[in-house]
Amino acid sequence: MIKKLTLYGLFVLFGFFMGYKGFIHYYPQLLFLGAKYKIGGKENTLKHAKLPDDTSRFVVKPNHDFLYSTRFYDLTNGPVLIEADVSIDSYWSVALYLPNTVNFYVQNSDALNDDKFQLYLYDKEVDACAQPGVTQIKTKAPKGLVLFRFLVTDTTTAAYQKIKQAQQSIRVTKTQCE
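The text that follows walks through the structure, step by step, so that each part is easy to find.

A few points about the sheet that holds strand β1 (residues 46–48)
Right, on to step 1. Read from one edge of the open sheet, five strands run β1-β2-β8-β4-β5, paired in antiparallel fashion. In this open sheet, the two strands that pair with only one neighbour each are β1 and β5 (103–108). In this sheet, neighbouring strand axes are inclined to one another by 15° on average, regardless of whether the strands run parallel or antiparallel.
Right, on to step 2. Helix α2 (residues 158–168) rests against β1, β2 (66–74) and β8 (143–151) of the sheet, and its axis sits at about 0° to β2.

Here it is, written out as structure tokens:
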């Protein structure tokens, strides 16, 4: 009887452990898929949002002072080059996320000393290549999210239009090393 209870107890503990591990592994990926569905993000399609209001959910808990742009990328057919003209006098940032919602790269206006943002994103070593002036980032997964944010302090000025132009200048193109 004691042997059966011990075996049963071990079985229950093993079940809890496997359930916990499964939750830790799969729940973030389910959140990512939910966000993708909610945003209406098709892979390799760039989406630009308007300034958010109280009902906006283009991104989770948006800041009302930011313009957002997103793209769910897929590197299974090769690397991509992410570019933007960021010659604006306002704060901006770009972040890359894995499907498990882990942020693995951030760049912002404070750290870039150029008016052109360029990032070469790849997932296989065979795609790695050196390109002068282009940041090289190797991702752990072939799919993920690119999120651009642009700070808007005044919507009535020409500066706002320049920020909108920076948002519209974002390009994500499939590319190969040359």
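We are not done yet, so read on.
Quick notes on the pairing of β5
Right, on to step 1. When strand β4 (residues 92–97) meets β5, the two strands line up antiparallel, connected through five bridges. Of the residues in β5, the one forming a bridge with leucine 96 is tyrosine 105.
Right, on to step 2. Where β4 hands over to β5, the hairpin turn is made up of five residues, of which threonine 101 adopts a positive phi near 70°.

A few points about the sheet that holds strand β9 (residues 171–174)
Right, on to step 1. Taken together, four strands build an open sheet; the order of strands is β7-β6-β3-β9 and the sheet is mixed. Every other strand in the sheet has two partners, leaving β7 (135–138) and β9 as the edge strands with one partner each. Strand-to-strand twist across the sheet, computed as the mean angle between neighbouring axes with direction ignored, equals 20°.
Right, on to step 2. Relative to β9, strand β3 (residues 80–85) is paired through four bridges, and the arrangement is antiparallel. What sits directly across from valine 80, in β9, is lysine 174.

Thresholds applied
Residues numbered from 1 in each chain as written. Predicted model: local features only at pLDDT ≥ 70, side-chain atom pairs only at ≥ 80, totals over all residues. Heavy atoms only, no water. Pairing = 2+ DSSP bridges. Helix = DSSP H or I, 4+ residues; strand = E, 2+ residues; numbered from the N terminus. Axes fitted to C-alpha atoms, helices over the stretch in contact; angles between N-to-C directions. Contact = heavy atoms within 4.5 Å.

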